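Tertiary structure, described
One letter stands for each residue in the lines below.
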Amino acid sequence: MGYFAVSFSLGIAARNAGLTPMQGFWASLLNNASAGEYAAFTLIAAKATYWEVAVITLIANARYLLMSCALAQRFAPDTPFFHRLLIGYDVTDELFGITIARPGCLNPYYTYGAILLAAPAWAIGTALGIMAGNLLPLRVASALSVPLYGMFLAIIIPPARKSRIVAGLVLISFVLSFACEYLPGVSALSGGTRTIILTVAISAAAAVLFPVKREEAAHE
């Protein structure tokens, strides 16, 4: 529901860029990323070149490289490569969150089930958003994204309740993310770049200050 609602509002931006419902459907099915797609649609509307669209999409989606590296460490050593490739197709913030939160080795079929729900909902929502155009008021379209925030809370609250360290790191990430919106120099960076910097800095500090013992990691 959260994916469908957010992609519906994204479809309005796609319509303003001149995309048809079928084009919007395939754009979202092949690039399941709200920030990357919105940036691409904005450039398409501005008559940007293919190269410019490709570069800005890569920058906006660069944080998924970090998420993919983290997921790669959770596969069992004997997992076939095609499972890694298929899951890499749809590494998003939400799917990464619910997958990485599961204990033990990563079960590819769990993520496949989530993708089978998320990807079609995202693509269909975009197509319907293009059809609806600007019929919905902007405030209503923005309100449709509220379920997605509920999904994020459902991902982070359970592990934060189990560990004070995790809870503290979550709180620190909130504070630093908010501060980076206003700090000179850093605020000029794209949201994806800021996310990468904060992710690397906070996770590296946590790994040094609160290392996880091998026995404990194997048990989890």
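Since we're looking at a predicted model, the values are computed, not measured.

Okay, the overall build of the chain next. Along its length, the chain carries 13 helices and 0 strands. When the helices and strands of the chain are placed in sequence order, the string is α-α-α-α-α-α-α-α-α-α-α-α-α. Here the chain holds 220 residues, and 35% of them are scored as buried. Within the chain, contacts between residues at least 6 apart in sequence are counted, and of these 74% link residues at least 24 apart. Accessible surface for the chain amounts to roughly 13700 Å². Of this, 72% is attributable to carbon and sulfur atoms.

A few words on the nonpolar core. One finds Y3, A14, L19, F41, L95 and W122 to be the most contacted residues of the largest nonpolar core, which totals 17 residues. In terms of residue count, helix α8 (residues 108-132) provides more of this core than any other element does, 8 residues in total. Residue contacts for A14: discarding those within four places in its chain leaves L19, F41 and I130. Ranked by size, the runner-up nonpolar core spans 10 residues in total, among them M67, I87, V91 and F96.

Another point: the pattern of salt bridges. For side chains bearing opposite charge, pairing can occur when the charged atoms are close. Within this structure, the stated rule accounts for 2 salt bridges. The salt bridge involving R63 is made with D93; its shortest N-O contact spans 3.1 Å. Taken together, the residues R63 in helix α5 (residues 63-72) and D93 in helix α7 (residues 93-100) connect sequence positions 30 residues apart. A salt bridge links E181 to R194, with the nearest nitrogen and oxygen atoms 2.9 Å apart. Taken together, the positions of E181 in the loop between α11 (164-180) and α12 (191-209) and R194 in helix α12 put the pair 13 residues apart, joining distant regions of the chain.

For any two helices packed against each other, the geometry is given by the interaxial angle and the distance between the axes. Direction vectors running N to C along helix α3 (residues 34-45) and helix α4 (residues 50-60) enclose 160°, while the axes themselves pass 8 Å from each other. One finds that α3 runs roughly antiparallel with respect to α4. For α3 against α4, the interelement crossing comes out right-handed. Two secondary-structure elements touch here, α3 through A35, G36, A39, A40, L43 and I44 and α4 through E52, V53, I56, T57 and A60. By residue class, the composition of the contact of α3 with α4 is 8 nonpolar, 2 polar and 1 charged.

A few words now on empty space enclosed by the protein. Rolled over the atoms, a probe sized like a water molecule indicates the empty space that remains. Scanning all chains against the criterion turns up 1 cavity of 30 Å³ or more. Empty space within the largest cavity amounts to approximately 30 Å³. Along its surface, the largest cavity is lined by L71, I87, D90, V91, L95, F96, T99, L106 and T111. Among the elements that take part in the lining of the largest cavity, α7 stands out by supplying 3 residues, more than any other. The class makeup of the residues in the lining of the largest cavity is 6 nonpolar, 2 polar and 1 charged.

To continue, consider the layout of surface pockets. Here the second largest pocket defines a volume of roughly 310 Å³. Lining the second largest pocket are 16 residues, and of these N31, N61, Y64, G88 and Y89 lie nearest its centre. Broken down by element, the residue count for the lining of the second largest pocket peaks at 3 residues, all from α5. The class makeup of the residues in the lining of the second largest pocket is 8 nonpolar, 7 polar and 1 charged.

In the structure shown here, the tally under the stated rule is 4 aromatic pairs. Geometrically, the ring pair formed by F25 and W26 is edge-to-face, given 5.6 Å between the ring centres and 90° between the ring planes. Judged by relative accessible area, W26 falls into the partly exposed class, the value being 45%. Taking 5.5 Å as the distance between ring centres and 90° as the angle between the ring planes, the aromatic pair formed by Y109 and Y112 counts as edge-to-face. Within this pair, Y109 and its partner Y112 are both found in helix α8, separated by 3 residues, close to a single helical turn.

What counts, and where the lines are drawn
- Residues numbered from 1 in each chain as written.
- Predicted model: local features only at pLDDT ≥ 70, side-chain atom pairs only at ≥ 80, totals over all residues.
- Heavy atoms only, no water.
- Helix = DSSP H or I, 4+ residues; strand = E, 2+ residues; numbered from the N terminus.
- Buried < 20%, exposed > 50% of the residue type's maximum accessible area, 1.4 Å probe, protein only.
- Contact = heavy atoms within 4.5 Å.
- Areas by Shrake-Rupley, 256 points an atom, 1.4 Å probe, with all protein chains shown as cover.
- Core = buried A, V, L, I, M, F, W, Y, C linked by side-chain atoms within 4.5 Å.
- Salt bridge = Lys/Arg side-chain N within 4 Å of Asp/Glu carboxyl O.
- Axes fitted to C-alpha atoms, helices over the stretch in contact; angles between N-to-C directions.
- Parallel < 35°, antiparallel > 145°, perpendicular 65-115°, else oblique.
- Left-handed = near helix turned anticlockwise from the far one by under 90°.
- Nonpolar A, V, L, I, M, F, W, Y, C, P; charged D, E, K, R; others polar.
- 1 Å grid on protein atoms, 1.4 Å probe; cavity = no way out; pocket = protein on both sides within 12 Å on 5 of 7 lines; lining within 4 Å.
- Points joined across faces, edges and corners; volume = space filled by probe spheres on them.
- Phe/Tyr/Trp six-rings, centres within 6.5 Å; stacked < 30°, edge-to-face > 60°.

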